[in-house]
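Commentary on secondary and tertiary structure
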Amino acid sequence: MKILITGGNTAKALKLMKAFPSHFVLLADYGDVPGIVTENYAFTSLGKLNQDSIAHLLLNFCITEAIDCIIPLHNYEIEPLAKSAVLFGEYGIQVLTPPADSLLNYISLEKTNYGNYAVFIQGECIFASGDEIFIKQNEELNGVFGYNNSNDDLKLLTI
């Protein structure tokens, strides 16, 4: 599986690679990005940032690069991608965000640094950095969520 993580120039994106040890991870960001390619991951540029057509830009990129799954980390990507998830799905690309109509439940209004993160796919936790065991959650829990302890409300991890 080929996974695209946006915000690839950030420490949060690099930490996320631990959740996908058996997949190829493409770390991408807008503007200048170092041209590093290894057996398990690579860095690449998404080109010039245009927030008005972000979903279109990312869909074209995913199709061109044969991406199977996209994890948006930039806060301005979350809503457009959640609203376009069905279109991405028609091309076989899974968008890891909660459904558009429930995004407000998972977006933190304040800037919070979380000590841990967990990756959920349709309610199933596939990775937790703090080694917590999360029981199957609501299916709308889809994406990367930050938390400080397992009793916290899970909020989307964004940059």
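1. What to know about the overall build of the protein
Looking only at helices and strands, the protein has four helices and nine strands in total. Secondary structure elements of the protein occur, N-terminal to C-terminal, as β-α-β-β-α-β-α-α-β-β-β-β-β. Computed over the C-alpha atoms, the radius of gyration of the protein is 15 Å, within 12% of the 15 Å expected from 2.2 N^0.38 for a compact globule of 159 residues. By principal-axis analysis of the C-alpha atoms, the protein measures approximately 40 × 35 × 30 Å. For the protein, buried positions account for 43% of its 159 residues. Counting contacts in the protein only where the partners sit at least 6 residues apart, residues at least 24 apart contribute 52% of the total. Taken as a whole, the protein presents about 8400 Å² of accessible surface, with 49% of it coming from carbon and sulfur.

2. With respect to the confidence of the model for the protein
On average, residues of the protein carry a pLDDT of 90, and 97% of them reach 70 or more. The secondary structure element of the protein with the lowest average pLDDT is strand β9 (residues 155–156), at 88, and the one with the highest is strand β4 (residues 69–71), at 97.

3. As for helix α2 (residues 54–64)
Note on helix geometry: an α-helix contains 3.6 residues per turn, so any two residues three or four positions apart are oriented the same way. Buried within α2 we find I54, A55, L57, L58, L59, F61 and C62. A positive backbone phi angle near 55° is found at A66, which sits one or two residues after α2.

4. Focus: the pairing of strand β7 (residues 124–128)
Bridge count between strand β6 (residues 116–121) and β7: four bridges; the pairing is antiparallel. Looking across to β7, one finds that F120 is bridged to C125. Joining the antiparallel neighbours β6 and β7 is a turn of two residues, in which Q122 adopts a positive phi near 50°.

5. Brief notes about the environment of V33
Structurally, V33 is set in the loop between β2 (24–29) and β3 (41–45). When its relative accessible area of 19% is taken as the criterion, V33 is described as buried. Between the alpha carbons of V33 and L46 there is a distance of 8.8 Å; along the sequence they are 13 residues apart. Not counting residues within four places of it along the chain, the set of residues in contact with V33 comprises N9, F43, T44 and S45.

6. Brief notes about a nonpolar patch on the surface
Taken together, the side chains of I63, L87 and Y91 present a nonpolar region at the surface, about 290 Å² in accessible area. Here I63 is to be found in helix α2. Owing to a relative accessible area of 41%, I63 belongs among the partly exposed residues under this scheme.

7. Regarding the sheet that holds β7
Strand order in the open sheet formed by four strands is β7-β6-β8-β9, with antiparallel pairing between adjacent strands. The open sheet has two edge strands with one neighbour each: β7 and β9.

8. Section: the side chain of N142
Considering the arrangement of structural elements, one finds N142 in the loop between β7 and β8 (143–147). A polar contact of 3.3 Å, which involves the side chain of N142, links it to the backbone oxygen of V95. Within the structure, N142 has its side chain in polar contact with the backbone oxygen of T97 (distance 3.4 Å). When sequence neighbours within four positions are dropped, the list of residues in contact with N142 reads Q94, V95, L96, T97, P98, F120, I121 and Q122.

Rules used in this analysis
- Residues numbered from 1 in each chain as written.
- Predicted model: local features only at pLDDT ≥ 70, side-chain atom pairs only at ≥ 80, totals over all residues.
- Heavy atoms only, no water.
- Helix = DSSP H or I, 4+ residues; strand = E, 2+ residues; numbered from the N terminus.
- Rg over C-alpha atoms; globule rule 2.2 N^0.38 Å.
- Buried < 20%, exposed > 50% of the residue type's maximum accessible area, 1.4 Å probe, protein only.
- Contact = heavy atoms within 4.5 Å.
- Areas by Shrake-Rupley, 256 points an atom, 1.4 Å probe, with all protein chains shown as cover.
- pLDDT = per-residue confidence, 0-100.
- Pairing = 2+ DSSP bridges.
- Patch = residues over 30% accessible without salt bridge, like charges linked within 9 Å, V, L, I, M, F, W, Y side chains within 5 Å.
- Salt bridge = Lys/Arg side-chain N within 4 Å of Asp/Glu carboxyl O.
- Polar contact = N/O pair within 3.5 Å; in protein donor to acceptor, adjacent residues only side chain to side chain.

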